[in-house]
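Tertiary structure, described
Chain by chain, the residues:
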Amino acid sequence: MTAVSLPLLDAPAVSSSFWHAAWYRFKRNKVALVSGVVALIILIVAAFAPLIAPYGYAAQDLTHTLASPSVHHLLGTDQLGRDLLSRAIFGARTSMIVAFGAPVIGALIGVPIGMVSGWFGGLADFMALRAFEVFTMVPQILMALLLISLFGGGLINLLLFLGVTSWVGFGRLARAQYLALRDRDFVKAGKAMGVPTGRLIFVHVLPNAVGPMIVYFVQQIPATIFTAAGFSFLGLGVQDPLADWGKMINDGESYLQVSLLVALLPVFCIALATLSFSFVGDGLRDALDPTSR
Amino acid sequence: MEPSTQPESRASHLSRRGFLLAGGAGALSWWLAGCGSNNNTGSSGAKPNSNNSSGTTGSNSPATASAGPTTTTGGSSPGTNALGLKLPDGAAPAGDQYYVQPFDSTGASYKALDFYETVYSRAPLADEFTIPLVRLDNNYNIVPGAATHWEQSADKLSWTFHIRPGIMWSDGNELTANDYVQTLRYSADPKHAWDFTWFWSGVIKNYTQAVAGKMPTSAIGVKQGKDKYTLVFETEGPIAFMDSACLYTTPLSAAGLAKYGSGSYNINPKTCISCGPYILTTFEPTSTVVLGPNKKYTGPFKPPIDGLIAKIYAGGDMLPRFSTGEIDTINVTALDLKVAKKTPKVQDLKLYTNPNDFEIWYTFFNTKTAPFDNMKVRQAFAHAVDRNAIINSLLAPLAIPAYGYLMPGYPFAVTKPLEPLTNYDPAKAKQLMSEAGFPGGKGFPEVTFNWWANAPSNTELVVQALTQGWNKTLGINIKLAEMDKTTFYSKMEHLPTQLQMGFVSYGMDYFDASNMLSVYKAGGRHNWDNAEYDKLLAQGAAESDTAKRQEIYTRAQILLTEQAPAVFIFHLLYGYLYWPYIEGPALAMNKDHYDGIQWPGFYATSTSLTEMYVGNNVTKYPRQSQNIQL
Amino acid sequence: MIVYLVRRLLILLLVMLIVTMLIFGLMHAVPGGPFDQTQQPLPPAAMANIMRKYGLNLPLWHQYLKWLWSLLHGDLGVPFEEPTMTVNQLIRTAWPITLIVGGLTIAVSYVGGLIMGCVAALRHNTWLDWLLTSAVSTAGVALPNYVVGFLLIEIFAVRLGWLPTGGWGHPQDVILPVIAFALYPMALMARYTRASTLEVTYADYVRMGRARGLSERRITYRYILRTSLIPLITVMGPNIPNILTGSIFIEATFALPGLGSYFTTASLHRDYPLIMALVLIVAVLWGVCYILSDVAYTLVDPRVRLEGLSQ
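Predicted model, so just to flag it, every value in this text is computed and none were measured.

Across its full length, chain A carries 11 helices and 0 strands. Reading chain A from its N end, one meets helices and strands in the order α-α-α-α-α-α-α-α-α-α-α. The contacts of chain A with a sequence gap of at least 6 include a subset with a gap of at least 24, amounting to 73%.

Further remarks concern the confidence of the model for chain B. Residues and elements named next belong to chain B. In the predicted model, chain B carries a mean pLDDT of 86, and 88% of its residues have values of at least 70. Confidence drops under pLDDT 50 across residues 1–75; counting only partners more than four residues distant or on other chains, this segment forms 94 contacts. This prediction of the complex comes with two scores: 0.86 for pTM and 0.84 for ipTM.

Between D240 of chain A and the following residue, P241 of chain A, the backbone shows a cis peptide bond with an omega angle of -5°. Tracing the sequence through the fold places P241 of chain A in the loop between α9 (197–231) and α10 (245–252). Located in the positive-phi region is N356 of chain B, a residue other than glycine, with phi close to 50°. Overall, the presence of 22 C-beta atoms within 10 Å leaves N356 of chain B in the buried class.

Let's shift gears to the packing of helix α5 (residues 122–137) of chain A against helix α7 (residues 155–181) of chain A. All names here are of chain A. Between α5 and α7, whose axes approach to 10 Å, the crossing angle comes to 150°. Considering the angle they form, α5 stands roughly antiparallel to α7. Our pair here, α5 against α7, has a crossing hand that is left-handed. Counting all contacts with α5, which are made through A128, F132, F135 and T136, the residues of α7 involved are V168, G171, R172 and R175. In the contact of α5 with α7, the residues fall into 4 nonpolar, 2 polar and 2 charged.

Residues and elements named next belong to chain B. If you trace the 6 strands from one edge of the open sheet to the other, you get β14-β18-β13-β17-β15-β16, paired in mixed fashion. Where the open sheet ends on each side, the last strands, each with one partner, are β14 (399–401) and β16 (478–482). Across the sheet, the mean angle from the axis of one strand to that of its neighbour is 30°, orientation sign disregarded. As paired strands, strand β15 (residues 447–451) and strand β17 (residues 501–506) are joined by 2 bridges and run parallel to one another. Bridge pairing links N450 to G502 in β17.

Counting from both sides, the interface comprises 53 residues of chain B and, opposite them, 51 residues of chain C. Broken down by element, the residue count for the side of chain B that touches chain C peaks at 5 residues, all from helix α13 (residues 485–492) of chain B. Broken down by class, the residue content of the side of chain B that touches chain C amounts to 20 nonpolar, 24 polar and 9 charged.

Here we come to the interface of chain A and chain B. Counting from both sides, the interface comprises 22 residues of chain A and, opposite them, 21 residues of chain B. Tallied by class, the residues present in the side of chain A that touches chain B amount to 8 nonpolar, 11 polar and 3 charged.

Before going further, it helps to examine the sheet that holds strand β1 (residues 98–104) of chain B. All names here are of chain B. Read across the open sheet, the 4 strands follow the order β1-β10-β9-β8; overall the sheet is mixed. Unpaired on one side and paired on the other, β1 and β8 (278–284) mark the two borders of the sheet. Adjacent strand axes in the sheet meet at a mean angle of 15° when their direction is disregarded. As defined by bridge partners, strand β9 (residues 288–293) adjoins strand β10 (residues 307–313) across 4 bridges and the pair is classed as antiparallel. In the strand pairing of β10, L291 is matched with L308.

This part is about the nonpolar core. A144 and I225 of chain A together with Y362, V567 and F568 of chain B are the most contacted members of the largest nonpolar core, which has 364 residues in total. Here A144 of chain A is in contact with F161, F231, L234 and L236 of chain A, once residues within four sequence places are set aside.

Next up on the list: helix α9 (residues 387–395) of chain B. Every buried residue of α9 of chain B is listed here: R387, I390, I391, S393, L394 and L395 of chain B. Elements in contact with the buried residues of α9 of chain B: α7 (334–340), β14, α12 (459–474) and β18 (566–572) of chain B.

Okay, the environment of L60 of chain C next. Residue and element names in this part refer to chain C. Structurally, L60 is set in helix α3 (residues 60–72). C-alpha separation for the pair L60 and F24, spaced 36 residues apart in sequence, amounts to 8.3 Å. Discounting residues that sit within four places of it in the chain, L60 has contacts with G25 and H28.

Attention now goes to the confidence of the model for chain A. Residue and element names in this part refer to chain A. The pLDDT averaged across chain A works out to 84; a share of 92% of its residues lies at or above 70. Across chain A, the element-wise mean pLDDT spans from 75 in helix α1 (residues 18–28) up to 93 in helix α4 (residues 84–120). Throughout residues 1–12 the model reports pLDDT below 50, and contacts reaching past four residues in sequence, or to other chains, amount to 23 contacts.

Residue and element names in this part refer to chain A. Interhelical geometry of α9 versus helix α11 (residues 260–288) gives an angle of 175° and a closest axis separation of 9 Å. When the axes of α9 and α11 are compared, the pair comes out roughly antiparallel. Side by side, α9 and α11 meet where P207, V210, G211, I214, V215, F217, V218, I221, P222 and I225 of the first sit next to I270, A273, T274, F277, S278, G281, L284, R285 and L288 of the second. Here the residues of the contact of α9 with α11 are counted per class, giving 14 nonpolar, 4 polar and 1 charged.

Conventions used here
- Residues numbered from 1 in each chain as written.
- Chains lettered and ligands numbered in written order.
- Predicted model: local features only at pLDDT ≥ 70, side-chain atom pairs only at ≥ 80, totals over all residues.
- Helix = DSSP H or I, 4+ residues; strand = E, 2+ residues; numbered from the N terminus.
- Contact = placed C-beta atoms within 7 Å.
- pLDDT = per-residue confidence, 0-100.
- Buried ≥ 20, exposed ≤ 12 C-beta atoms within 10 Å, placed from the backbone.
- Axes fitted to C-alpha atoms, helices over the stretch in contact; angles between N-to-C directions.
- Parallel < 35°, antiparallel > 145°, perpendicular 65-115°, else oblique.
- Left-handed = near helix turned anticlockwise from the far one by under 90°.
- Nonpolar A, V, L, I, M, F, W, Y, C, P; charged D, E, K, R; others polar.
- Pairing = 2+ DSSP bridges.
- Core = buried A, V, L, I, M, F, W, Y, C linked by C-beta atoms within 7 Å.

Okay, here's the thing in structure tokens:
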């Protein structure tokens, strides 16, 4: 059921059939649907990597390094003779864990903080602003080094680290949205009608606020992959020989003139993932935003 | 979303634009592919760029372009350079006799230009303002430098060097023994806090105590002899290798030290004092260092090259800088070579290789804790490395297999007796593991293998190949853990060491087995203690007879490889490309079939300084003009 | 407004003070020191000499107070990484280069992104929209800038010889670095602009469909545009300090003697004086950026209420 728009009400309250309507709108968006399928395929490949990949991600063959595509290796081999196709498949797994895991953690921390600070203002806002400032000022590498010295490196610690350091982006975004929306007339109307604050925040305002947050979340996917790759040389994050698209880009960059596939296959993978998740995100946002048609 | 309801005209308008774009993209890719196959070395097709170095950052005015390809009338003599040396036939005119080298400043800090001011924070083109007592030729022989001859005393407790008279500093003073005395005293001064004091500790008498503040610096065993041209070193016990160690006696000016209190006067062109052929013109440690000819030079070694330019880069790819003629030479890794083969301007250039500082790259163990306290485990690892496979796939042609600490060609290095102790023998490795109590790898704990990324040695790929090899052959599980360089060294040298297994290298500091082998002495950076090894080293350091020394050091090397506190993987070879206009005997092949400028490089400590020049074929190559007044 | 700004700035100063204490402790807590990269371990006496020379043997609180005292006199110390100059000199010579490249990058990427986003939105669902959104936008976001940098050098410097491989001192030195650096923010900007413009267009469209007349359109146009500008400010605002502090990849690839690389290397090399100075820069830049963003919200949408800011 499309929302009725009256001149002074730009964001009407949400009814129970809202989610049905949102799904309907999403389905009708062909681009978003196709991208959704692609994204799903990537996630399935990532989840079932050991079953799909022809070789292990660490299976070296020092006599056939940097080989061109052949019957044995559909996409050729890398600098250590490992099958590139398998590396890409296993890389999907690691990259998707990192690319989703960290922003999810960041969102779980940041969005509630932003919501509360934007909605209530006052002391909550004061504390949140100070938290934004402090977290931005501390150099990430120093924090990472300390973390490694206390807890060791590895993938889980990387996820936690990235998640915890990325919450500020989500927090500020959520805060800005709630600052903008809390004085809308539909909110005032809701308050006048006696809707409890919790319901107001989550059920009424959130669907209107969530659009840009989805866009931000999706754009964080490739950004997180690159950031993660950047920390591996400290010992935090993906360690050799584990395959990860970001790390494969780092490692493959110097091979650009020697083996195009080694250098560009991970780039292609990230681009594909970014594209498909972007369109899914756009579709989601359009579907959820009652005003967009 | 609603499908677009754009009017028809817009759609057709777009499709026209689309066609143009597609055509453009196709044209671009076609042209790029064709562009690459042009060979530009014949004509000056790649014109020398008017792009200059360090335009705004230098402290000198970009006045006369002293360089740039000049036309030579064929066959005429090139004349003399700024130092008054008659240039050899075939050399370019004096204006072209400068040498541009690149330096990568990643991870480096540049503080001074003198060995005795700081070793780890030396800026590019350091140690050119003096003449050391001795120099090294390209066959690694110690030859006279500022000293004409030297001898060890009969009681073997001192060495005397005779300095040639008549070498003047640019401030008018003469180079005498006093300069060396003052410099070495300065290096021991606790207030100066020199970062290389281990070098003379245990060699020069009382040096260690002076560094610790327990004796005044005037008490160290460096003194003027019977006259001002005689320098005497008193040593802690008999030291056989003093002449090799004295390669790095690049003195500061005693007058300069007295006046300025430290060696930092040499990084200011106005106060630089030099008795060598070069003097400081520009010091901009984030972009360039320039040394010009020292017109007051009276020393015996006049180089044809009278200007040195260092281009400092904070990382980035060097090959494009070389191909466009910004720099005269580069150091290439195995990967760079593959890329260079595809780069039209440089693919036909000759590759020069030499061992540089005779590096050994190895995996060391923590020998005091399980599981590597068990020698059989270490020996199993030593027999489970297929060096040839690793080198051929990852490092060739720039590495040779290593079976011991010393690289072939290094004084007293042996190879044959060491091979059977650590050759690739999977069956033997498995057997040793069983004997150690881990048959088939069962029960062997998971160990962590630490490393830090070093591009020339392709560390990242090497450690993966090593790990894979060990895991497969021995049935164990080694986990790789990368670290940043600072953390790695800090943990390795921590007491007790915090690394279980690590990949590291060592390159020599001077040309004698006592140097390299002493890394494994008790109390050094690794935690292996072997009394017999230390005894052998002490004997070797004191023994003057060469044949006997060889015997001692052979035994030491066998002991080291046999006990396997480390598995020696490869010795690195350094690859260099020079533009063909860089010529001279300095690049010629030496007795070990290595060529290019040998260690220690184009410095006062090497004879290469007098044996290299720019040829008159420089006009054929894309050498960029350096707009710097030398 | 003035009161609000002054209040926020004072609070920022207080936060900075606390953060410097935090970071001073943090950087000393991290293992490894600035003089640890030695091939041979130094004898303890020599190490003690070095620590004493740089004041690193003093208790932490003493070192911090010394640093604070010097700071109040305008003396930020001498960086371990560039020991021949003071931190002040280093920043004075290196930062302008980063700022110039950064400023140009912001101009190019923000303006370019704005235009691209608007065009894509106005030509929504057409061929041009796909190209801009998919190809350019994704390339900008998915291609790491050192890959782009490498390609630019290879094409324009090595093969064509039109532009230098890097370095600084000539006007043409900025071209390649700015192109490489601007891709990502431009792609971001384009995305957000497109999203904002789309909301306006569709709201517009809906209302047009109801033939409500011009004045209605203008009200809703202002209404909706303002809402959609807020996320744009939130995300693109902090990108500005990001760009102004440079990128180690861009500066290494193009041999720019700027300040960008130090933000990474200072921590890696435990360059304590430089770390502290850079923290101050970061603090001021971001703190001011956050304040300005908040002010911008109220300008863009007067209904936004900020604490302490009277309507």
